[in-house]
Structures are given as structure tokens and as C-alpha cells.
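# Descriptive analysis of the structure
Residue-level listing of the chains:
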Amino acid sequence: MRMVDIIEKKRDGFALTKQEIHFFIEGYVKGDIPDYQASALAMAIVFRGMNDEEIACLTDEMMHSGDTIDLSSIKGVKVDKHSTGGVGDKTSLALGPLVAACGAKLAKMSGRGLGHTGGTLDKMESIPGMRINLTEEEFIAQVNRIGIAIIGQTGQIVPADKKLYALRDVTGTVESIPLIASSIMSKKLASGSDCILLDVKFGSGAFMKTLEKAKELASTMVRIGKALGRDTRAILTDMDEPLGLAVGNNLEVKEAIATLKGEGPRDFVELVTNAGAIMLEQAHIASSYEDGQARITAAIKDGSGLRKLKEFVSAQGGDASYIEHPEKFPVASKIIPVYSEKEGYVRRIDSLAIGVSSMRLGGGRATMDDVIDMSAGIILNKKVGDKVGKGELLATAYTNKDDYEDVIKDIHDAFELEQSEVVVHPIVHAYIH
Ligand code: URA
């Protein structure tokens with residue numbers, strides 16, 4: 001087999017066989033196939049696409065290019081959740097304890113934040129003592145004991161994606177549904193859960209800018225997951241504004257705690273309740289979506305979700321007194337109000353601009369080596385649909401830096417106002433299963 005024949009076949013619009021996809025992935029990971037040939041094939045896939053069989057094959061080959069996690073020694077149905085990257089997305093920190101409190105098993109590997117999106121691991125590390133590097137044995141034992149563990153990636157998960165994604169990033173080949181779907185799903189499948197719920201974001205700051213594109217990506221991933229034997233479902237959620245009110249590491253942890261106390265913002269509570277309901281159905285704990293919603297709502301009301309968060313934090317070495325007393329989290333030295341210069345109704349809050357602003361205040365990384373200021377970030381004082389008067393507070397910035405004036409202007413400009421009332425849509429736009 002020759003790589004050039006595979007490239008030409010895809011260039012001319014034909015489907016690749018399992019053997020050809022295997023030859024490509026194996027050869028590329030080993031270093032036998034050079035970057036220039038891999039990028040030529042990636043570009044051919046961008047233009048010609050792939051059918052479902054090819055995408056499932058590519059996902060399977062990528063998944064088996066490295067270690068896969070065996071969770072079979074965890075009793076019960078293992079559920080996992082993946083978000084395609086949001087601003088203010090602290091979902092796992094509230095949703096994980098809630099589904100675990102309801103009896104599901106969440107064995108999750110998470111990532112760090114980069115650019116305008118935050119990462120669950122960084123948020124966890126804002127709790128003093130919290131360990132994210134459990135061994136595989138500790139990870140499995142903890143899920144068996146308390147129903148939840150969230151850690152960083154262990155071993156060599158999907159090295160093919162690491163190499164291919166870096167190449168796609170610099171060759172204009174990121175935007176291809178077969179390549180995005182196989183990249184995300186290979187990592188999720190390698191992490192070993194029986195069920196996967198995907199939260200596919202669309203809008204500003206998301207990979208997919210439109211609902212239609214997000215639907216296409218979500219349904220492709222659901223089909224791949226099912227073809228490879230996992231109960232895979234997806235919800236489509238919009239990023240016309242950041243999720244909840246808090247953006248920034250310890251600010252988001254405090255919001256997750258408040259949510260588990262029944263004091264969460266509307267959109268975040270809605271997302272957690274919907275996602276949780278689906279995960280409980282997937283785990284065969286809830287008899288229906290409605291039953292799942294009722295169980296999640298009850299776990300907020302009776303405090304069992306909050307107790308599970310404390311248990312989870314303690315189990316991973318964290319100081320659970322911070323969950324009991326969130327006022328213990330350090331607060332940034334500068335708290336800057338952002339006032340509106342005009343009146344109107346909030347139509348949209350540019351998530352990308354808010355994410356980048358939070359990063360520039362110290363709350364995120366521009367490069368992987370940057371150190372995060374856990375107390376930096378933004379609290380939104382207005383959300384989409386809210387009425388704003390001239391001179392009223394739009395947001396509050398938290399930073400320890402001195403040069404924040406430009407950022408304050410960007411936060412102000414991220415709010416788009418209009419004169420007539422704005423209808424607020426439910427956060428979940430579609431459910432694909
Ligand atoms: N996220 C991934 O993990 N892979 C992609 O290709 C795009 C987004």
C-alpha cells in the first residue's frame with residue numbers, strides 16, 4: 001500500500017477502506033508517513049468528507065493508537081460527559097456530584113483551559129490540596145467507593161490525535177466534521193465509559209458557529225458512538241452568552257457550590273438539570289427524562305449533591321472546608337465595576353470576548369506554560385433578556401493586574417443592547433439520541 005494512492009483516492013471523492021485508514025494512522029503515529037502526506041490527506045477529507053463507515057473506522061483506529069482505559073472493574077453503568085468548550089462552563093463540578101448522588105458512576109478525564117475556554121482541572125485546582133493526578137487504580141477505587149472521580153489524562157491516550165490535531169491546527173484542516181468528530185470521539189471512547197453525553201456548543205466562541213453545523217457534528221458523533229457500541233447522546237446548547245454568571249476559576253467553583261445549594265443562575269441550573277436527567281436515563285437509574293429531572297432537582301433540594309461534592313473534594317485530597325465556607329477562597333485585589341453607557345435590553349453577550357477578557361485579567365492561559373490567577377475573572381451582573389439602565393452595572397471584573405483599562409472596555413463592548421424586549425430561549429436547543 002502507498003500513501004500517495006490513498007491521498008489520490010480521497011482527492012477523487014472515493015471512500016477509503018478499513019485497511020487504508022489503518023495503514024494511514026499506524027504509519028503516521030510511527031513516523032513512517034510524513035506530515036506533508038498526512039496534511040494532504042486531511043485537506044482531501046476537508047473537501048471530500050467521509051461516510052459514516054469511514055468516520056467510525058478512523059475513530060476506532062485513532063482510539064487504538066494508544067492506551068485505552070478499562071473501567072470494567074467499576075460496578076454499575078459508567079457515564080461520561082463532554083463539552084465542546086464553553087465560556088463559564090463549570091458544568092462537571094455541579095453535574096458530576098449530582099449524578100453521583102443519584103447513583104450513577106462518573107469516571108471522568110478532563111483537560112486544562114487554553115485561550116478563551118477554561119478547563120475543569122484548573123477549576124478543581126483552585127480548591128487547596130485537590131489532586132488531579134490519581135493513578136488508574138486510585139481512580140477506579142474512588143469511583144467504586146463514592147461514585148465520582150475527575151482526573152487529568154493518564155497514560156498515552158490517542159497519540160494519533162495529538163499528532164494529527166497539531167498538524168491540522170497549522171494546515172487549515174481543523175474545520176471538517178469527520179476530523180472533529182473522530183478526534184473528540186476517539187478520546188472519549190478511549191476513556192472507557194459505557195455512556196457518553198455530548199454538550200455541543202454553537203455560536204460565538206464555539207467551534208460550530210451555527211445550530212445547523214452543530215447539529216451535523218452532534219449527530220455524526222452520536223452515530224459513531226453507537227456504531228462503536230456506546231450509548232451516545234447529545235444536546236445542543238447556545239453560547240449567545242457565557243454559561244451562568246461566573247467566568248474564571250475560583251469564581252466558577254463558587255457558582256457550582258451555590259448551584260448545589262439551590263442558588264444557581266437560571267441557565268446553568270437548566271443545563272445541569274437537563275444533562276443530568278439524560279445521564280440518569282443512560283445509567284438506567286431514571287425511568288424517563290422527566291423522572292431524571294425530578295431526581296436531579298431533588299438532589300439539589302435535599303443537599304445530597306452538595307454533600308457528594310464535599311466527599312469528592314476530600315477523596316481527592318482537597319480541603320472541603322472551602323465548599324462549606326466559599327468565602328475562604330482568595331478574592332482578587334482589584335474589583336472593577338463595568339457600567340453601561342446606554343440603556344436597553346441585553347440581546348447577546350459575546351462569549352468569545354468575555355472569555356478572552358477573563359484570560360487577560362489573569363484567569364486563563366494564552367499559552368500552555370502560563371500560570372493562572374485562580375481569583376481572576378468576571379461576574380456578569382446582567383444576562384440576555386435583562387433590562388439595563390444607563391449607568392447600571394453590567395459586569396464586575398476581578399484581577400490582581402494593574403493594566404486592565406482596555407479589558408474593561410472590551411467587557412463593556414461584549415454586551416449588545418437593543419431597544420425592544422428580548423425573548424430568552426431555553427438553553428438546550430435540541431436533543432439528539
Ligand atoms: N476538539 C477536539 O478535541 N478535536 C477537534 O478536532 C476539535 C475540537
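Here the structure is shown first, and the text comes after it.
Structural notes, computed from the coordinates.

So, how was this worked out
- Sequence order sets the numbering: in each chain, residues are counted from 1 along the sequence as written.
- Residue-level local features of this predicted model are given only where pLDDT is at least 70; pairs of side-chain atoms are given and counted only at 80 or more, and the full residue set underlies all totals for whole chains, interfaces and linings.
- Side-chain figures throughout are based on the complete set of non-hydrogen atoms in the structure, without hydrogens or water.
- Interaxial angles span 0 to 180 degrees and are taken between N-to-C directions of axes, which are lines fitted to C-alpha atoms, for helices over the stretch in contact.
- We count a stretch as a helix when DSSP gives it H or I for four or more residues in a row; a strand needs E for two or more, and each element gets its number in order from the N terminus.
- To sort the angles, those under 35 degrees are grouped as roughly parallel, those over 145 as roughly antiparallel, those from 65 to 115 as roughly perpendicular, and the leftovers as oblique.
- Handedness of a crossing follows from how the near helix is turned relative to the far one, being left-handed for an anticlockwise turn of less than a right angle and right-handed for a clockwise one.
- Residue contacts are counted whenever heavy atoms from the two residues lie within 4.5 Å of one another.
- Residue polarity is assigned by list, with Asp, Glu, Lys and Arg as charged and Ala, Val, Leu, Ile, Met, Phe, Trp, Tyr, Cys and Pro as nonpolar; anything else, Gly included, falls into the polar class.
- Two cysteine sulfurs form a disulfide in these notes if their separation is within 2.5 Å.
- A 1.4 Å probe rolled over the protein chains alone gives each residue an accessible area, and that area as a share of the maximum for its type sets the label: buried under 20%, exposed over 50%, partly exposed in between.
- For this analysis, a nonpolar core means a set of buried residues of the types Ala, Val, Leu, Ile, Met, Phe, Trp, Tyr and Cys, connected via side-chain atoms within 4.5 Å.
- When we say a residue is near a molecule or strand, we mean one of its heavy atoms is within 4 Å of it.
- Polar contacts here mean pairs of N or O atoms no more than 3.5 Å apart (in protein, one a potential hydrogen donor and the other a potential acceptor; neighbouring residues in sequence count only if both atoms are side-chain atoms).
- Accessible surface is estimated by sampling points in the Shrake-Rupley manner with a 1.4 Å probe; for residues, cover comes only from the protein chains shown.

### A look at the packing of helix H9 (residues 177–190) against helix H10 (residues 211–227)
- At a closest axis distance of 9 Å, the pairing of H9 and H10 adopts a crossing angle of 50 degrees. For the element pair H9 / H10, the angle class is oblique. Between H9 and H10 lies a crossing whose hand is right-handed. In contact with Ile 177, Ile 180, Ala 181, Ser 182, Ile 184 and Met 185 of H9, H10 contributes Lys 213, Glu 216, Leu 217, Thr 220, Met 221, Ile 224 and Gly 225.
- Taken together, the residues of the contact of H9 with H10 sort by class into eight nonpolar, three polar and two charged.

### Regarding the state of the cysteines
- A full pass over the atoms with the stated rule returns zero disulfides.
- Cysteine Cys 102 is unpaired, with the sulfur of Cys 195 as its nearest cysteine sulfur at 15 Å.
- Residue Cys 195 is classed as buried on the basis of its relative accessible area of 3%.

### Topic: the nonpolar core
- Ranked by size, the top nonpolar core spans 58 residues in total, and within it Phe 24, Leu 41, Phe 139, Val 200, Leu 217, Met 221 and Leu 236 carry the most contacts.
- Once residues lying within four places of it in the same chain are set aside, the contact partners of Leu 217 are Ile 177, Ile 180, Ala 181, Val 200 and Met 208.
- Counting residues in each nonpolar core, the second largest holds 48 residues, with Ala 100, Val 253, Met 279 and Leu 280 among its members.

### Let's talk about the site of the ligand
- Surveying the vicinity of the ligand reveals the residues Tyr 165, Arg 168, Ile 180, Ser 183, Ile 184, Lys 187 and Phe 207.
- Interatomic distance of 3.0 Å between a side-chain N/O atom of Arg 168 and an oxygen atom of the ligand.
- Side-chain polar atom of Lys 187 to an oxygen atom of the ligand: 2.5 Å apart, as the coordinates give it.
- Here the ligand has 240 Å² of accessible area as a free molecule, and 86% of this is covered by the chains.

This is a description of form; function is not addressed.
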